[in-house]
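Architecture and fold: a report
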Amino acid sequence: MNSQERVWATYRGPFDPCPPVPFKTYVVPPNQFINFQPPGLPQFPLSEALKAGTLWPALFSPYESKAGKGRV
């Protein structure tokens, strides 16, 4: 369970007018698994932390937009 992305099977009713979508995904933020900030947690260098949006690699969660896929 190291992956932050989870997959679940959607319910498909027999009279559902929409095309079936067999699976959907969602992202669990990494801060849900850290109860408190332990001492001596590794840190990004400042320039990399600004790009990542966090100082700590343990709290880094890349965001991949699914809305822009397939657009020209």
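Small disclaimer: the values here were computed from a predicted structure and weren't measured. (Residues numbered from 1 in each chain as written. Predicted model: local features only at pLDDT ≥ 70, side-chain atom pairs only at ≥ 80, totals over all residues. Heavy atoms only, no water.)

1. A few points about the overall build of the chain
Note the threshold: In this text, helices come from DSSP runs of H or I with a minimum length of four residues, and strands from runs of E with a minimum of two, each type numbered from the N-terminal end. Relative accessibility under 20% of the residue-type maximum defines a buried residue, over 50% an exposed one, and the middle range a partly exposed one, all with a 1.4 Å probe and only protein chains included. Any pair of residues with heavy atoms lying within 4.5 Å of one another is described as a contacting pair.
On a plain count of helices and strands, the chain comes out with one helix and two strands. Along the chain, helices and strands appear, N-terminal first, in the series β-β-α. Out of the 72 residues belonging to the chain, those deemed buried represent 10%. Taking the contacts inside the chain whose residues are at least 6 apart along the sequence as the reference set, 28% of them involve residues at least 24 apart.

2. Overview of the packing of aromatic side chains
We count it as follows: Any pair of Phe, Tyr and Trp rings, taking the six-membered ring for Trp, is counted once the centres come within 6.5 Å. Such a pair is stacked with planes under 30 degrees apart, edge-to-face with planes over 60 apart, and tilted for the rest.
The tally for this structure, following the rule as stated, stands at one aromatic pair. Ring plane angle 90° and centroid distance 6.2 Å describe the contact between Phe 44 and Phe 60, whose orientation is recorded as edge-to-face. Taken together, the residues span a long stretch of sequence, with Phe 44 in the loop between strand S2 (23-27) and helix H1 (46-52) and Phe 60 in the segment after H1 at a distance of 16 residues. Here Phe 44 falls in the buried class, since its relative accessible area comes to 16%.

3. Examining the side chain of Thr 10
Convention followed: Distance and chemistry together define a polar contact, namely a pair of N or O atoms within 3.5 Å, with one atom able to donate a hydrogen and the other to accept it when in protein, and with adjacent residues in sequence counting only for side-chain atoms on both sides.
Tracing the backbone through its elements, the reader meets Thr 10 in the loop between strand S1 (5-9) and S2. Taking the relative accessible area as the measure of exposure, Thr 10 reaches 17% and is therefore buried. Within polar-contact distance, the side chain of Thr 10 engages the backbone oxygen of Val 21 at 2.4 Å. Every residue in contact with Thr 10, bar those within four places of it in the chain, is listed here: Val 21, Pro 22 and Lys 24.

By themselves, these are just geometric observations and shouldn't be taken as functional.
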